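# Structure assessment
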Amino acid sequence: MGGSLLIKHMMDGNASNALLSGEQLIYAITVPLSTSIILANLVIILGIAWNRQLHNTTNYFFLSLLVADLCTGVALPFIPLMGLNRELSFNSCMVVHIFPNFLFLAFLFNLVMVHYERYICIVDPLHYNNLWMHRSFPLALLAVWAPPLLYASLPAFGWNNWTGPDWNDCCENGQRTTPISTCSTNGTACCSYRRSFPNAFIYLEVYGLVLPAILTIAGMTGRVLWITRGQLKDICRLHRSVERGSQASDREQRLNLRYTRCVVAVSLTFLACWVPYLIYMHVCVAFLISDTKWSSTTHIVLSCTGIGSMAVVPLVLGLANREYTEPACKLLRKLRDGLRGRTQGSEEVAV
């Protein structure tokens, strides 16, 4: 009897240590990344707020995206925790799974809206100002925030596996410190993503919402680059006809070089920001289909890097625009000049 109690106590201690090590790894990866995302978003948001020339519908859409990205940065440390089994009540379990999922979907919907708005600006500039999203901005804003909230809330209204079996042996092997007797027969104290999200819910979100949104963004970006390439060829052709020369001038070479840099920047951004998340998403689905367990460390690293890299996309768009970052640059220049003035003053006093 005493031996079995000792073994049980050691198993509970090992499970507790595993949970703590998993959480520590999550916080070690996500907290610096989350802090950087939050600060960068605040810089761009304040830049748009201070510059009244940027107060238009286009920047309001981008501001909504930045708010969604800011919320994603705040929730970033909690998203990988969804992959850990914990003992929570039904309401608490729904909150810790639904709220981060809602923020992620809202971020994705806002990102698609911003890309679509800029895509129409280039593809059909004559009808750009007559877009429905410009005429009814509150309706467009509702369209990118309400559907994610409704879909993410479906598990709270019954689309869950809460009354099903105890997924991943949470009550037997899960990371826990309380006695096994506290787990009921249907595992109501065991909170895991598989109890909150049924397989059909996950498949629908991945292949019905997330993947089509990413492919839509990639398609619109590729189309814009193709149109830009065609316009660049027309400019070069007109330039040659005016100068009556067959050789490419220095101006044409500079234009071609700028376009090449743009293509390289877009390609690297896609590879660095989207590919890690696509890998993480398909690996998760593959393990979900095979119903096999995998290393928690691997899951944590993939989830943190995948979701974190995707949250960097709006920052790349914002920091590349000098109008958004001009107030922060002016403030930094003032601080630098003030610091130099104090240093020079102290040196003169010392002399």
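How each quantity is defined
Residues numbered from 1 in each chain as written. Predicted model: local features only at pLDDT ≥ 70, side-chain atom pairs only at ≥ 80, totals over all residues. Heavy atoms only, no water. Helix = DSSP H or I, 4+ residues; strand = E, 2+ residues; numbered from the N terminus. Buried < 20%, exposed > 50% of the residue type's maximum accessible area, 1.4 Å probe, protein only. Contact = heavy atoms within 4.5 Å. Areas by Shrake-Rupley, 256 points an atom, 1.4 Å probe, with all protein chains shown as cover. Axes fitted to C-alpha atoms, helices over the stretch in contact; angles between N-to-C directions. Parallel < 35°, antiparallel > 145°, perpendicular 65-115°, else oblique. Left-handed = near helix turned anticlockwise from the far one by under 90°. Nonpolar A, V, L, I, M, F, W, Y, C, P; charged D, E, K, R; others polar. Expected span 1.5 Å × (residues − 1). Patch = residues over 30% accessible without salt bridge, like charges linked within 9 Å, V, L, I, M, F, W, Y side chains within 5 Å. Salt bridge = Lys/Arg side-chain N within 4 Å of Asp/Glu carboxyl O. Core = buried A, V, L, I, M, F, W, Y, C linked by side-chain atoms within 4.5 Å. Phe/Tyr/Trp six-rings, centres within 6.5 Å; stacked < 30°, edge-to-face > 60°. pLDDT = per-residue confidence, 0-100. Lys, Arg positive; Asp, Glu negative; His and termini not counted. Polar contact = N/O pair within 3.5 Å; in protein donor to acceptor, adjacent residues only side chain to side chain.

## Details of the overall build of the chain
Helix and strand content of the chain: 13 helices and two strands. Each of the 351 residues in the chain was classed as buried or not, and the buried ones make up 38%. Sequence-distant contacts in the chain: of pairs separated by 6 or more residues, those separated by 24 or more amount to 80%. Accessible surface for the chain amounts to roughly 19500 Å². Of this, 65% is attributable to carbon and sulfur atoms.

## Things to note about the packing of helix 2 (residues 57–75) against helix 3 (residues 90–123)
The N-to-C vectors of helix 2 and helix 3 enclose an angle of 155°; their axes lie 9 Å apart at closest approach. By the angle between their directions, the pair helix 2 and helix 3 is classed as roughly antiparallel. For the pair helix 2 and helix 3, the sense of crossing is left-handed. Mapping the contact onto sequence places Thr58, Phe61, Phe62, Ser64, Leu65, Ala68, Asp69, Cys71, Thr72 and Ala75 in helix 2 and Leu103, Ala106, Phe107, Asn110, Leu111, Met113, Val114, Glu117 and Arg118 in helix 3. Looking at the contact of helix 2 with helix 3 residue by residue, the classes come out as 12 nonpolar, four polar and three charged.

## Examining helix 2
The end-to-end C-alpha distance of helix 2, which contains 19 residues, comes to 27 Å, matching closely the 27 Å that a straight helix rising 1.5 Å per residue would cover. For helix 2, the full list of buried residues reads Asn59, Phe61, Phe62, Ser64, Leu65, Leu66, Ala68, Asp69, Leu70, Thr72, Gly73 and Ala75.

## A short note on a nonpolar patch on the surface
On the surface, a nonpolar cluster with roughly 380 Å² of combined accessible area is contributed by Tyr116, Trp132, Leu139 and Leu142. With respect to the helices and strands, the residue Leu139 is situated in helix 5 (residues 137–152).

## A short note on the nonpolar core
Inside soluble globular proteins, nonpolar side chains tend to come together where they are buried. Grouped together as the largest cluster of nonpolar side chains are 55 residues, with contacts concentrated most on Phe62, Val210, Trp274 and Tyr277. Contributing elements (two or more residues each) for this core: helix 1 (2–50), helix 2, helix 3, helix 5, helix 8 (199–243), helix 10 (275–290), helix 11 (296–310) and helix 12 (313–319). Per-element tally for this core: the top contributor is helix 8, with 10 residues. When residues no more than four places from it in sequence are discounted, the contact partners of Val210 are Phe104, Leu105, Leu108, Glu205, Tyr277 and Met281. Listed in part, the seven residues of the second largest apolar core include Met94, Ile98, Phe102 and Ala106.

## So, the packing of aromatic side chains
According to the stated counting rule, one finds nine aromatic pairs in the structure shown. Judged by centre distance (5.1 Å) and plane angle (70°), the rings of Phe61 and Phe137 are edge-to-face. Of this pair, Phe61 sits in helix 2 while Phe137 sits in helix 5, and the two are 76 residues apart along the sequence. Joined through ring pairs, the aromatic side chains of Tyr151, Trp159, Phe197 and Phe201 make up one cluster.

## Some remarks on the environment of Pro198
Within the secondary structure, Pro198 sits in the loop between helix 7 (193–196) and helix 8. For Pro198, a relative accessible area of 8% gives the class buried. Sequence-distant contacts of Pro198, that is, excluding residues within four places in its chain, are made with Trp159, Asn160 and Asn161.

## Brief notes about the confidence of the model for the chain
Overall, the prediction assigns the chain a mean pLDDT of 77, with 78% of residues at 70 or greater. Note that pLDDT drops below 50 for residues 1–18; the model gives that stretch 10 contacts with residues more than four away or on any other chain.

## A word on the side chain of Glu117
Looking at the secondary structure, you find Glu117 in helix 3. Buried within the structure, Glu117 lacks any salt-bridge partner; its nearest side chain of opposite charge belongs to Arg118, at an N-O separation of 4.8 Å. Only 2.8 Å separates the side chain of Glu117 from the side chain of Thr58, close enough to count as a polar contact. With residues up to four places along the chain from it excluded, the contact list for Glu117 reads Thr58, Phe61, Tyr128, Met133 and His134.

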